[in-house]
Each structure stands twice: as structure tokens, then as C-alpha cells.
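Residue-level structural notes
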Amino acid sequence: KLTAQVMQNPQVLAALQERLDSVTHAPSSYVETLPKVVKRRINALKHLQVKCAHIEAKFYEEVHELERKYAALYQPYFEKRRDITTGNVEPTDAECEWHSEEEEELAEEMKKKAAIEEKKEESEQEENPKGIPEFWVTIFRNVDMLSELVEEHDEPILKHLQDVRVKFSEPNEPMSFTLEFHFEPNDYFTNSVLTKTYKMKSEPDETDPFSFEGPEIVDFVGCTVDWKKGKNITVKTIKKKQKHKGRGTVRTITKQVPNDSFFNFFNPVKVSGHGEAEMDEDSEFNLATDFEIGHFFRERIVPRAVLYFTGEAIDDDEDVSTLLICDQLFFDDDAEEEGDEDDDAEIDPKKESNQPAECKQQ
């Protein structure tokens, strides 16, 4: 949304056009004018660049190993987070102490008054919810990228989601990571864990080595959701009238068709064996979105779940997006703003771009 707003701002477009106008010739046209002996040396530099790309690929392989190593160190804390949110463990008073800036600014008298009111409310309140109710489904609601995937009929199921984990591939195995969605027993399916594996590669393309920017997705592997009878929300039954050509009689038939649901996430777009999807433009967009979501779960949501539950991490993400956009437009810090603001600019949410710069990075 922010990208769409920026790109419809006439001041931004004017500054970008000024940058484009300042380019007097394309770099490739300059290279064509060079003597053959210089072009020969440039070819030597390209060979060096290919070698650098292969070294960079090894770098990302080692980064993946580091991620796997530190994932094991994070895991005990993530498990305790799960125990607290599900109500299996009650944290101690010391663990529950948290001093925010707002609390420190309160006068001592106000603190005492607040404490008295809190005790009064606790004594009057009979209900004591288990753990942190609707922890993960609240995160889904708070994050736009996820809330767009969640339909109304998904929410009752997601309320049974107890934990989301990231599992990295073992040493000497092909590079990959798996998202594990752990559910408590429910009335919808028999699975206790739903998984989505993202297979990756970290090596330059032989035909285009200079395009290498880090590990990229080459395939997805979902899982089968074992729906209980009549509970599969990824399909819906429609009734259709059909007329017999000979007799002219009309009958009503029922047919199952795909239904929008978050749980389609576990039935990803198929990718060919070479890692190139043979599909139309919409399918390619869905494929890119699929990886974006998996990447966001791995890099942001799982490590910082409580901050997405409270909404604190969402503001940070918006700040980062703003910096990325400004950096991509190559604006100088002292660039002058020109032109009047266009109050009539319309934003089409369907055309908004939400692809992060790190989509192809590990």
C-alpha cells in the first residue's frame, strides 16, 4: 500500500524522472565504443565476477548452517512461549514483570491507584482464561499479508493453532526450511501438524550467473490435510440445473468447486523439475506470494510472535518499508520537493505491490 501511494505522488515521480533524464547514454552503448583490447579485458573481469558469484553461493550455504545452529538455541524459548500461550505453564511473577516507558512516567500515587483498581477487578472477575487465548489467530488478524488469506470460515479452525515452528534442513542435505503448524485436537481434521517445505538452492545459474542474488526457492512441498467428513472448507458444493437434450427434463446436480481458504496454503502451486514454473501470470504471482509468506513466517513472525500479537512489530515493518522505498528511488537527503500534492490520486489495492526486496535472499 505504501509503495502504491509513493509511486502516485507527483513529487516522487518528478524526482525519479529527473534522475532518468540525467542519464545521457546507456552503459552498454559506451562499452560498444571501446577498443577490442579493452573489451577483451572486460571479458576477463566477467570471468572473475562468475568466480565471485560461486564464492557468494558458498557464503549463503554457511549462513544456512549458522541459521540451523542458532535455531536449536532459540528452540527452548519458543517451546516455553508455546507452553505459556497454551496455558500449560503459568509464568512466575518475576517473569511477568515488564516496565514500559509509560509506566515509569506515572506518578507513584497513580501507580498505587492503578494497583488497587487492578486487584478489585481481579477479585470481581471469576473467569480465568487458559494461557493467552487466540494468540496465533490474533497474529494472523494483525498482519495484512496473512489476514488477506484468512476467510471467515478459517478463523474457528485457526483458533486451535497452538504453535508455528521453523525447521531447517540437516547438514549435508539439500538446502530447505519447513514451516510446522501445530494444532490441538479439533473437529475439523485429524492432523496434529500441518507442514509446508520450501526447497532452495544457492548456486549461480550456468546460463545467467550474474543474476545470482542469494538462495532462491526452487520448489514447494505441502501436505495432505485429513479433513473430517463434511469439514473440508477448501471446497464448496454448488447446485446447478441441467437440461436433458432429448427429453427436455431438468435435473439439479451438485458439484464441488475450490473455495478460498488459508488452508490452500498447504496445497501449493506445482513447479517443474527445473525450478521454473510453467504457468500463467496469475499463477506466477501466487508462487511469488507463496514464498513471500513463507519467508515472512521464517524471518519475522516466528522469531517475534509476541510483538506481532501486540502490534508493536507492525510499525517497525512499516518504517523499514519506507526506508527501502526511499533507497530504491535513489533520493538525495537534500532533494528539493517540487509540485503540488495530488489529492485526487486513487489507490487500487488490487494493483498494490507487496514484494519484499529480500524475496530471493535467505
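Here, every reference points to the structure presented above.
Everything in this summary refers to the structure shown in the same document. This one's a predicted model, so the numbers in the text were calculated from it and none came from an experiment. (Residues numbered from 1 in each chain as written. Predicted model: local features only at pLDDT ≥ 70, side-chain atom pairs only at ≥ 80, totals over all residues. Heavy atoms only, no water.)

**A short note on the overall build of the protein chain**
Let me state the cut-off plainly: Helix and strand assignments follow DSSP, with helices taken as H or I runs no shorter than four residues and strands as E runs no shorter than two, numbered in order from the N terminus. Under the scheme applied here, a residue whose accessible area is under 20% of the maximum for its type counts as buried, over 50% as exposed, and between as partly exposed, the area being computed with a 1.4 Å probe on protein chains only. Accessible surface area values rest on a Shrake-Rupley calculation with a 1.4 Å probe, where residue burial reflects the displayed protein chains alone.
When helices and strands are counted, the protein chain shows 13 helices and six strands. Across the 362 residues that make up the protein chain, the buried fraction comes to 28%. Per element, the accessible surface of the protein chain, about 25900 Å² overall, is 50% carbon and sulfur.

**Observations concerning the sheet that holds strand 1 (residues 161-168)**
Rules: Note on pairing: DSSP must find at least two bridges between two strands before they are called paired. With axes taken as lines fitted to C-alpha atoms, and helix axes fitted only over the stretch in contact, angles between N-to-C directions fall between 0 and 180 degrees. Contact definition: two residues touch when any of their heavy atoms are within 4.5 Å.
Pairing is antiparallel in the open sheet, where four strands are placed in the order 1-2-3-4. Edge strands, defined here as strands with exactly one partner in the open sheet, are strand 1 and strand 4 (216-221). For this sheet, the mean inter-axis angle between neighbouring strands, taken without regard to orientation, is 20°. Two strands pair when backbone bridges link them, and strand 3 (residues 193-201) and strand 4 are joined in this way by five bridges, in the antiparallel orientation. Looking at the pairing, Met 200 lines up with Ile 217 of strand 4. Together, strand 1 and strand 2 (176-183) form the strand contacts of helix 4 (residues 36-86), whose direction differs from that of strand 1 by roughly 170°.

**What about helix 8 (residues 135-142)?**
Among the eight residues that make up helix 8, six are buried, leaving the element largely enclosed by the rest of the structure. Among the residues of helix 8, Phe 135, Trp 136, Val 137, Thr 138, Ile 139 and Phe 140 are the ones counted as buried.

**Re the packing of aromatic side chains**
Here is the rule: Working definition: a ring pair exists when centres of Phe, Tyr or Trp rings (six-membered ring for Trp) sit within 6.5 Å. Plane angles under 30 degrees give stacked, over 60 give edge-to-face, the rest tilted. Our definition puts a charge over a ring when NZ of Lys or CZ of Arg is within 6 Å of the ring centre and also within 35 degrees of the ring normal.
Across all of its chains, the model carries 24 aromatic pairs by this definition. Each ring, one from Phe 181 and one from Phe 297, has its centre 5.3 Å from the other, and the planes form 85°; the classification is edge-to-face. On the criterion of sequence distance, the pair formed by Phe 181 in strand 2 and Phe 297 in helix 11 (residues 281-301) is long-range, its members being 116 residues apart. A residue is classified by how much of its surface remains accessible, and Phe 181, at 0% relative accessible area, is buried. Here a set of aromatic residues connected by ring pairs shows up, and it is made of Phe 140, Phe 181, Phe 183, Phe 189, Trp 227, Phe 262, Phe 263, Phe 265, Phe 266 and Phe 297. Between the NZ or CZ atom of Lys 196 and the centre of the ring of Phe 265, over which it lies, the distance is 3.6 Å. Note that Lys 231 overlies the ring of Tyr 188, its terminal NZ or CZ placed 5.6 Å from the centroid.

**Quick look at the side chain of Thr 197**
Applied cut-off: We define a polar contact as two N or O atoms separated by no more than 3.5 Å, with the added condition that, inside protein, one atom must be a possible hydrogen donor and the other a possible acceptor, whereas residues neighbouring each other in sequence contribute only through side-chain atom pairs.
Positionally, Thr 197 belongs in strand 3. Here Thr 178 takes part through its side chain, which lies 2.9 Å from a polar atom of the side chain of Thr 197. Those residues in contact with Thr 197 that lie beyond four places of it in its chain are Ser 176, Phe 177, Thr 178, Asp 219, Phe 220 and Val 221.

**Details of the pattern of salt bridges**
Quick note on the threshold: By definition, a salt bridge exists where a carboxyl oxygen of Asp or Glu is found within 4 Å of a side-chain nitrogen of Lys or Arg.
This model, assessed by the stated rule, comprises twelve salt bridges. Across the pair Glu 65 and Arg 68 runs a salt bridge whose closest N-O atoms are separated by 3.2 Å. Here Glu 65 pairs with Arg 68, and both are found in helix 4, just three residues apart, close to one helical turn. With relative accessibility at 24%, the residue Arg 68 sits in the partly exposed group. Here Lys 196 makes a salt bridge to Asp 290, at a shortest N to O gap of 2.7 Å. One end of the pair, Lys 196, is in strand 3; the other, Asp 290, is in helix 11, with 94 residues separating them in the sequence. Of the residues examined, Lys 196 reaches a relative accessible area of 0% and is grouped as buried. Asp 290 sits in the buried class, given a relative accessible area of 9%. Within the structure, one salt-bridge network assembled from shared partners comprises Glu 134, Arg 141, Glu 155 and Lys 159.

**Overview of unusual backbone geometry**
For residues other than glycine, phi is negative in most cases, and the peptide bonds are mostly trans. Residue Glu 134 is not a glycine yet carries a positive backbone phi of 55°. Within the secondary structure, Glu 134 sits in the loop between helix 7 (108-124) and helix 8. Within the chain, Asn 172 stands out as a residue other than glycine whose phi angle is a positive 70°. Locating Asn 172 in the fold gives a position in the loop between strand 1 and strand 2. The class for Asn 172 is exposed, based on a relative accessible area of 84%.

**A few points about a nonpolar patch on the surface**
Test applied: For patches, a residue must show more than 30% relative accessible area and have no salt bridge; joins then use 9 Å for like charges and 5 Å for nonpolar side chains, namely Val, Leu, Ile, Met, Phe, Trp and Tyr.
On the surface, a cluster of nonpolar side chains totalling about 430 Å² of accessible area is made up of Leu 66, Tyr 70, Leu 73 and Tyr 74. Mapped onto the elements of the fold, Tyr 70 is located in helix 4.

**Thoughts on the nonpolar core**
In plain terms, the rule: In this text, buried Ala, Val, Leu, Ile, Met, Phe, Trp, Tyr and Cys residues form a nonpolar core when linked through side-chain atoms within 4.5 Å.
With 46 residues, the main nonpolar core has Phe 140, Phe 181, Phe 183, Phe 189, Phe 262, Phe 263 and Phe 297 as its most contacted residues. Setting aside chain neighbours within four positions, we find Phe 263 in contact with Asp 154, Ile 157, Leu 158, Phe 183, Phe 189, Leu 194, Trp 227, Ile 233 and Thr 234.

**A short note on the side chain of Asn 186**
By the element assignment, Asn 186 lies in the loop between strand 2 and strand 3. A distance of 3.0 Å separates a polar side-chain atom of Asn 186 from the backbone oxygen of Glu 184. The contact partners of Asn 186, leaving out residues within four places of it in the chain, are His 160 and Lys 228.

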